[in-house]
Amino acid sequence: MKRIFLLCTVIFAAAVCSFGFNARAEASGKILVAYFSYQGHTAKVAREIAAQTGGDLFEIKPATPYPGYAECLDMAKAEKNNNARPAIDGRVENMADYDVVFVGYPIWWYDAPMIVRTFLEGYDFSGKKVIPFATSGGSPLEESIDSVTTSAAGATIQEGLLANDASEIAPWLSNLGYAK
Ligand SMILES: Cc1cc2nc3c(=O)[nH]c(=O)nc-3n(C[C@H](O)[C@H](O)[C@H](O)COP(=O)(O)O)c2cc1C
């Protein structure tokens, strides 16, 4: 009887270890944290994600900087209405090296800014995991997910975060398995 109990314990422990190993393996890979930020809120979240995951940071910088707030509102709305793809200054030269790409942005007009779509359409994301995160004045992340999914063709989109409350970053990363 003791032997059977011992055997069951060993099998159970092996199963737990193997599950743990698989969970870690799923969440492994080289991480990039790419972000666009106009006023700095999303940039702060991106730095936090990079620090907590050990990922590399890349800022999506507009080739032509956005103007002051009131003008930017109009410009962003026009870009959305025109389905524009504003140009980016710079490139991730080694994108092929990354398995997981966090993509961050402020919600602009209830969606991802069009420059984020320029970014996503500029690379081959097939086989990569893309994880969106955003900050906003209250709009939910969900309204921007269709744009991310369409533009990051071939990627697996993982559960994102509206990171207006920074205390939600650590549990979210831990839940996804990307915390260092
Ligand atoms: C052009 C523009 C459009 C915006 N549209 C929205 C919106 O639709 N919903 C919302 O909740 N906040 C909106 N905001 C507010 C930003 O999403 C919010 O301030 C965000 O945290 C800014 O991030 P950032 O500092 O990284 O630029 C908008 C801001 C700008 C400049």
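Relevant structure appears above.
Residues numbered from 1 in each chain as written. Predicted model: local features only at pLDDT ≥ 70, side-chain atom pairs only at ≥ 80, totals over all residues.

Engineer: How do you make sense of the overall build of the chain when you look at a structure like this?
Structural biologist: In terms of regular secondary structure, the chain is built from 6 helices and 8 strands. Ordered by position in the sequence, the α and β elements of the chain form the string α-β-α-β-β-α-β-β-α-β-α-β-β-α. Within the chain, buried positions represent 31% of all 180 residues. (Helix = DSSP H or I, 4+ residues; strand = E, 2+ residues; numbered from the N terminus. Buried ≥ 20, exposed ≤ 12 C-beta atoms within 10 Å, placed from the backbone.)

Engineer: Just to check I follow, could you spell out the site of the ligand for this structure?
Structural biologist: Within the structure, the ligand sits among 20 residues, and Gln-39, His-41, Thr-42, Pro-106 and Gly-137 are positioned closest to it. Secondary-structure elements contributing two or more residues to the shell around the ligand are helix 2 (41-53) and helix 3 (69-81). Of the residues assigned to the shell around the ligand, the class counts are 10 nonpolar, 10 polar and no charged. (Near = placed C-beta within 6 Å. Nonpolar A, V, L, I, M, F, W, Y, C, P; charged D, E, K, R; others polar.)

Engineer: Looking at this structure, how should I read the pairing of strand 6 (residues 129-135)?
Structural biologist: Look at any regular strand and the pattern is simple: side chains alternate between the two faces of the sheet. The element strand 6 is largely enclosed, with a buried count of 7 among its 7 residues. Of the two faces of strand 6, the one lined by Lys-129, Ile-131, Phe-133 and Thr-135 and the one lined by Val-130, Pro-132 and Ala-134 are each fully buried. In this sheet, strand 6 lies alongside strand 5 (residues 100-106) in parallel orientation, the contact comprising 7 bridges. The partner of Val-100 across the bridge, within strand 6, is Lys-129. The β-α-β motif built from strand 5, the intervening helix 4 (residues 114-121) and the parallel element strand 6 has right-handed crossover chirality. Strand direction decides the pairing type here: strand 6 and strand 7 (residues 156-157), joined by 2 bridges, are parallel. (Pairing = 2+ DSSP bridges. Right-handed = clockwise from strand over helix to strand, strands pointing away.)

Engineer: What is the right way to look at helix 3 in this model?
Structural biologist: The periodicity of an α-helix, 3.6 residues per turn, causes residues three or four places apart in sequence to face the same way. The end-to-end C-alpha distance of helix 3 is 18 Å, a good match for the 18 Å that 13 residues give at a rise of 1.5 Å each. Note on helix 3: the residue one or two positions beyond its end, Asn-83, has a positive phi of about 50°. (Expected span 1.5 Å × (residues − 1).)

Engineer: Before we go on, may I ask you to explain unusual backbone geometry in this structure?
Structural biologist: Note: most peptide bonds trans; most residues except glycine with negative phi. Its identity is not glycine, yet Asn-83 carries a phi of approximately 50°, on the positive side. Mapped onto the secondary structure, Asn-83 falls in the loop between helix 3 and strand 4 (88-89). Looking at Asn-83, the number of C-beta atoms within 10 Å reads 8, which means it is exposed. Of note, the phi angle at Tyr-110 is positive, near 65°, even though the residue is not glycine. Mapping Tyr-110 onto the fold places it in the loop between strand 5 and helix 4. According to the C-beta neighbour criterion, Tyr-110 is exposed, with 11 such atoms within 10 Å.

Engineer: I keep staring at the nonpolar core and nothing clicks. Help me out?
Structural biologist: Proteins that are soluble and globular tend to have nonpolar side chains buried together. With 39 residues, the main nonpolar core has Ala-34, Val-103 and Val-116 as its most contacted residues. Of all elements in the fold, only strand 1 (31-35), helix 2, strand 5, helix 4 and strand 6 reach the threshold of two or more residues within this core. (Core = buried A, V, L, I, M, F, W, Y, C linked by C-beta atoms within 7 Å.)

Engineer: Could you clarify how one ought to interpret the environment of Ala-87 in this entry?
Structural biologist: Inspection of the secondary structure puts Ala-87 in the loop between helix 3 and strand 4. C-alpha of Ala-87 to C-alpha of Pro-62: the two residues are 25 residues apart in sequence and 6.1 Å apart in space. Beyond its immediate stretch of four places on either side in the chain, Ala-87 contacts Ala-63 and Thr-118. (Contact = placed C-beta atoms within 7 Å.)

Engineer: What should I look at first to understand the pairing of strand 5 in this one?
Structural biologist: Burial runs high along strand 5: 7 of the 7 residues are buried. Residues Val-100, Phe-102, Gly-104 and Pro-106 line one face of strand 5 and the alternating positions Val-101, Val-103 and Tyr-105 line the opposite face, and both faces are buried. Sheet analysis places strand 1 next to strand 5, joined by 5 bridges and oriented parallel. Bridged to Val-33 within strand 5 is Phe-102.

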